[in-house]
Amino acid sequence: MDKVLSVIVPSYNMEAYLPKCLGSVVVAPELMETLEVLVVNDGSKDRTSEIAHGFEARYPGTFRVIDKANGNYGSCVNRGLAEAKGFYVRILDADDSVDTAAFADYLKSLAEEAAKGDGAADLVVTDYVTVDSTGTAIGHPDFGLTAAARSLRDWRKGAERFTVHSVTYRTENVLRIGYRQTEGISYTDTEWIIEPMVTVRRLRYVPRAVTHYLLGRSGQTMEEKTYASHFGQVVDIVKGLVSRFDERMSQAEPEAREYLREQILVAVSQVYACCTVESYRRWISVDLGQFDDFLAGYPKIYREAEARFIPSNKFPLRHVREWRRRRSANTLRFFLFRAYKSLMHVLVSLRR
């Protein structure tokens, strides 16, 4: 039977979490035949590869291990995409897991969609829950969708944005636009939840909490101080998304354009917010002025970001206006100081 779903599992030194992650996707044999799990071992130095190969030996028709040199998260996604055989593809982080019963029902929903061929949904959205280290649920995001949702136009503006834990794409669509995730840095999952959206004309929402997203793990990239200290990588990702935005919009299905625009603006506002709020700024070494100058080179997004976010007095975006005022004042003072120094140099030269 053809594979309905390819699950890409990027894995680096995940021996403590991988058994639970991979064990959670083991479902009934007839469903296992429709499933492909690609465990991409990113040059791990622990037992990650050994554990993954153990699952491959037990379930050779479902699990496949790809051992590769370290290249960070994006390189794992790219390698998985290159080898995926499923009609649909999604990512499951190695420190996360799925609710096995919900996952089985989700696979059945995907099979229903895949049977529609060209009429199948381009994007399938599922719920997820955030859990702590004990497995206790601590959050359940609301995407503002109902079971009647049929396109991205049905996403409610201001609701939770989709995440890597919630999206499943038609594999051929992702490959058709030449999608490649940035390699060598973290936080590239932002690209995954924005750029392939250009292909989405039809959407299906499956209101089941499939993924259990672990929060609070030591060393996790989303740990507050780690995130702040590596915020330059987040900025690089946002710059890439902005620089490719016009090209992606030219490829985008009409149903996806408003969602794409909204997500770019959210990503841009996140940079300003994190760089101007004191609790984050003490850890962040990003030069916000350089980012502001970069964004000014893309006037449509720059103006729309100003119109959408800067005039609002809501915390923390109100700080952006004050930062711009201070920056303008400092720029003016610097200009006047340089002009004064130049004038004094001319006067001294004339006296000689």
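Remember, it's a predicted structure, so these values are computed and weren't measured experimentally. (Residues numbered from 1 in each chain as written. Predicted model: local features only at pLDDT ≥ 70, side-chain atom pairs only at ≥ 80, totals over all residues. Heavy atoms only, no water.)

A.B. asks: Would you mind showing me how to read the overall build of the protein chain here?
C.D. replies: A tally of regular secondary structure across the protein chain gives 15 helices and nine strands. Taken over 352 residues, the protein chain has a buried fraction of 51%. Of the contacts made within the protein chain by residues no fewer than 6 positions apart, 78% connect residues no fewer than 24 positions apart. Only carbon and sulfur atoms are counted for the fraction: they give 53% of the accessible area of the protein chain, which is about 16700 Å². (Helix = DSSP H or I, 4+ residues; strand = E, 2+ residues; numbered from the N terminus. Buried < 20%, exposed > 50% of the residue type's maximum accessible area, 1.4 Å probe, protein only. Contact = heavy atoms within 4.5 Å. Areas by Shrake-Rupley, 256 points an atom, 1.4 Å probe, with all protein chains shown as cover.)

A.B. asks: Could you clarify how one ought to interpret helix α3 (residues 48-58) in this entry?
C.D. replies: Two residues of an α-helix separated by three or four positions point the same way, owing to the 3.6 residues in each turn. Here α3 has its buried residues at Thr48, Ser49, Ile51, Ala52 and Phe55. Taken end-on, α3 shows its buried residues confined to a sector of 165°, consistent with a single buried face. In this structure, α3 carries Ala57 and Arg58 as exposed residues pointing more than 90 degrees from its buried face. As for α3, its buried residues are in contact with β1 (5-11), α1 (18-24), β2 (35-42) and β3 (63-68). (Arc of directions from axis to C-beta.)

A.B. asks: Explanation requested: unusual backbone geometry in the structure shown.
C.D. replies: What is expected of a backbone is that most residues other than glycine have negative phi and most peptide bonds are trans. Unlike most non-glycine residues, Asn13 shows phi in positive territory, near 50°. Asn13 gets classed as partly exposed once you look at its relative accessible area, which sits at 29%. Unlike most non-glycine residues, Tyr187 shows phi in positive territory, near 70°. By the secondary structure assignment, Tyr187 is in the loop between α6 (171-176) and α7 (189-192).

A.B. asks: Teacher, can you tell me more about empty space enclosed by the protein here?
C.D. replies: Where empty space is left can be seen by rolling a probe of water-molecule size over the atoms. Here the structure, examined in full by the defined rule, presents three cavities of 30 Å³ or more. Considering the residues around the largest cavity, the lining is formed by Ile194, Glu195, Leu241, Phe245, Arg248, Met249, Leu260 and Ile264. The set of elements that each furnish at least two residues to the lining of the largest cavity consists of α10 (245-251) and α11 (257-276). In terms of residues, the lining of the largest cavity owes the most to one element, α10, which gives three residues. For the lining of the largest cavity, the class distribution of residues is six nonpolar, no polar and two charged. (1 Å grid on protein atoms, 1.4 Å probe; cavity = no way out; pocket = protein on both sides within 12 Å on 5 of 7 lines; lining within 4 Å. Points joined across faces, edges and corners; volume = space filled by probe spheres on them. Nonpolar A, V, L, I, M, F, W, Y, C, P; charged D, E, K, R; others polar.)

A.B. asks: Got a minute to help me understand the pairing of strand β9 (residues 203-214) in this structure?
C.D. replies: Moving residue by residue along a regular strand, the side chains alternate between the two faces of the sheet. In this structure, strand β5 (residues 97-98) lies alongside β9, joined through two bridges in antiparallel fashion. If you follow Ser97 over to β9, its bridge partner there is His212. Pairing of strand β6 (residues 123-131) with β9, which is carried by nine bridges, proceeds in the parallel orientation. Its bridge partner being in β9, Asp127 is matched across the sheet by Ala209. (Pairing = 2+ DSSP bridges.)

A.B. asks: Sorry, what's going on with the environment of Ser151 here?
C.D. replies: Its location among the elements puts Ser151 in the loop between β7 (137-139) and β8 (167-170). Between the C-alpha atom of Ser151 and that of Ala121, which follows or precedes it by 30 residues, the distance is 9.0 Å. Residues in contact with Ser151, not counting those within four places in the same chain, are Arg201, Leu203 and Glu255.

A.B. asks: Could you clarify how one ought to interpret the confidence of the model for the protein chain in this entry?
C.D. replies: Per-residue pLDDT for the protein chain averages 89, and the proportion of residues at 70 or more is 88%. Overall, residues 331-337 carries pLDDT values under 50, and its contacts beyond four positions in sequence, including any with other chains, amount to zero contacts. (pLDDT = per-residue confidence, 0-100.)

A.B. asks: Can you walk me through the nonpolar core in this structure?
C.D. replies: One broad rule of soluble globular proteins: the nonpolar side chains tend to lie buried together. Core analysis: the largest hydrophobic core is formed by 72 residues, its most contacted members being Leu123, Phe162, Trp192, Met197 and Val268. Considering each element in turn, this core owes the most residues, 10 residues, to α11. Excluding residues that lie within four positions of it along the chain, Leu123 makes contacts with Leu152, Phe162, Val167, Thr168, Tyr169, Met197, Val200, Arg202, Leu203 and Arg204. Counting 36 residues, the second largest nonpolar core, distinct from the first, contains Val4, Leu92, Val98 and Val124. (Core = buried A, V, L, I, M, F, W, Y, C linked by side-chain atoms within 4.5 Å.)

A.B. asks: Honestly, the pattern of salt bridges in this entry has me stumped. Any pointers?
C.D. replies: Any two side chains of opposite charge can pair, on the condition that their charged atoms come close. Tallied over the entire structure, the rule returns 20 salt bridges. Here Glu304 ties to Arg261 by a salt bridge, and the two come within 3.7 Å at their closest N and O atoms. Of this pair, Glu304 sits in helix α14 (residues 299-308) while Arg261 sits in helix α11; the two residues are 43 residues apart in sequence, bridging distant segments of the chain. Overall, Arg261 belongs to the partly exposed group, its relative accessible area being 26%. (Salt bridge = Lys/Arg side-chain N within 4 Å of Asp/Glu carboxyl O.)

A.B. asks: When you look at the side chain of Asp127 in this model, what are you seeing that I'm missing?
C.D. replies: Here Asp127 is to be found in strand β6. There is no salt bridge for the buried Asp127, and the closest opposite charge comes from Arg208, which lies 8.0 Å off by N-O distance. Every residue in contact with Asp127, bar those within four places of it in the chain, is listed here: His140, Phe143, His165, Tyr205, Val206, Pro207, Arg208, Ala209, Val210 and Thr211. (Lys, Arg positive; Asp, Glu negative; His and termini not counted.)

A.B. asks: I keep staring at the packing of α11 against α14 and nothing clicks. Help me out?
C.D. replies: To characterise two packed helices, one gives the angle between the axes of the helices and the distance between these axes. Look at α11 against α14: their axes get within 10 Å of each other, and the N-to-C directions meet at 75°. Between α11 and α14, the crossing angle belongs to the class labelled roughly perpendicular. In this structure, α11 uses Glu258, Arg261, Glu262, Ile264, Leu265, Val268 and Tyr272 to contact α14, whose residues at the interface are Ile301, Tyr302, Glu304, Ala305 and Arg308. Taken together, the residues of the contact of α11 with α14 sort by class into seven nonpolar, no polar and five charged. (Axes fitted to C-alpha atoms, helices over the stretch in contact; angles between N-to-C directions. Parallel < 35°, antiparallel > 145°, perpendicular 65-115°, else oblique.)

A.B. asks: I would appreciate a short explanation of helix α13 (residues 288-296) in the present structure.
C.D. replies: Listed in full, the buried residues belonging to α13 are Leu288, Gly289, Phe291, Asp292 and Leu295. Buried residues of α13 fall within an arc of 160° about the axis and therefore sit on the same side.

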